[in-house]
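Report on the structure
Residue-level listing of the chains:
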Amino acid sequence: HANLSIIKSGPDPATRDQPFEYLLTVTNHGPSEAVNVEVTDTLPAGLVYNDDLSDSRCTFSEGTVTCDLGNMEKNVTPIQINLSVTPTVASPDPILNTATVGSDTLDQSLGNNEDSASTTVVANVELSVSKSASPAKAFQDEPVGFTISVTNNGESVANDVTVVDALPEGFI
């Protein structure tokens, strides 16, 4: 029998619309070779798989990443897998992503065959506000118009933006 284990790590936080990688480390602790080792990772809602940036041993179908690692001798250097994903939703609630390793060889220690990474996704929003008056100089009791401009220099959509502007003293 074999004793496979997996360790999953990823960033926390990550930025919405920016790719990041999960690192999966798979080890066979023995006492025998593990035959047809496979890692599966069902992506939670809000994560998009980046095939061109991920490990070539992995494929994606119907929401699940499957990585075929072949046979693993016991006590050899662990195999590392990089999975690239892009979060599409920012939320204060972290995304919990779990990966599982298995093989055709009996594994009597299943407690280390699954690991998770928790990632909070934040928006990449960079707001700037500018205000101008027209005319730039005015006399008392002369009307003045103000223009307020808000710009998002970030790569994510800024939702529910509110601007509050208090008029300077003496303006009505």
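Placed above this text is the structure.
Treat the numbers as computed from the prediction; the structure is a model and nothing was measured. Residue indices begin from 1 for each chain and proceed along its sequence in written order. Two thresholds apply to this predicted model, a pLDDT of at least 70 for residue-level local features and 80 or more for giving and counting side-chain atom pairs, whereas whole-chain, interface and lining totals are computed over all residues. The basis for every side-chain value is the complete set of heavy atoms in the structure, and neither hydrogens nor water enter the calculation.

**Quick look at the side chain of D41**
Along the chain, D41 turns up in strand β4 (residues 34-42). With a relative accessible area of 1%, D41 lands in the buried category. In this structure the side chain of D41 is engaged in a polar contact, spanning 2.4 Å, whose partner is the side chain of K8. Once residues lying within four places of it in the same chain are set aside, the contact partners of D41 are K8, G63, T64, V65, L83, N97, T98 and A99. For the purposes of this entry, the term helix denotes a DSSP run of H or I that reaches at least four residues, the term strand denotes a run of E that reaches at least two, and both are numbered from the N terminus. For the exposure calls, accessible area comes from a 1.4 Å probe over protein chains only, and a residue counts as buried if that area is under 20% of its type's maximum, exposed if over 50%, partly exposed in between. Pairing of N or O atoms within 3.5 Å defines a polar contact, subject to two protein rules: one partner must be a possible hydrogen donor and the other a possible acceptor, and residues neighboring in sequence count only if both atoms are side-chain atoms. The contact rule is simple, with two residues in contact once any of their heavy atoms fall within 4.5 Å.

**Quick look at the packing of aromatic side chains**
Centre distance and the angle of the planes are the two values used to describe a pair of aromatic rings. Each pair of aromatic rings taken from Phe, Tyr and Trp, with Trp reduced to its six-membered ring, is defined by centres within 6.5 Å and is described as stacked if the planes are under 30 degrees apart, edge-to-face if over 60, and tilted in the remaining cases. The tally for this structure, following the rule as stated, stands at two aromatic pairs. An angle of 75 degrees between the planes, with centres 5.1 Å apart, marks the rings of F20 and Y22 as edge-to-face. Of the two residues examined, F20 and Y22, each falls in the buried class. Aromatic pair Y49 and F60: ring centres 5.1 Å apart, planes at 20 degrees, arrangement stacked. Pair noted here: Y49 is in strand β5 (residues 47-49) and F60 is in strand β6 (residues 58-61), with a separation of eleven residues, a long-range link. Taking relative accessible area as the criterion, Y49 reaches 9% and is therefore assigned buried. The criterion for a charge sitting over a ring is simple: Lys NZ or Arg CZ within 6 Å of the ring centre, and within 35 degrees of the ring normal. Over the face of the ring belonging to Y22 we find K8, whose NZ or CZ atom lies 4.3 Å from the ring centre. K131 extends its terminal NZ or CZ atom over the ring of F146, reaching a point 4.6 Å from the ring centre.

**Topic: the pairing of strand β7 (residues 64-72)**
At least two bridges found by DSSP between two strands are what make those strands a pair. Where β4 lies against β7, seven bridges are found, and the strand directions are antiparallel. Paired with V37 across the strands is G70, a residue of β7. As paired elements, β6 and β7 share four bridges and run antiparallel to each other. Its bridge partner lying in β7, S61 is registered against T64. Linking β6 back to β7 in an antiparallel pair, the connection comprises two residues, with E62 at a positive phi of about 50 degrees.

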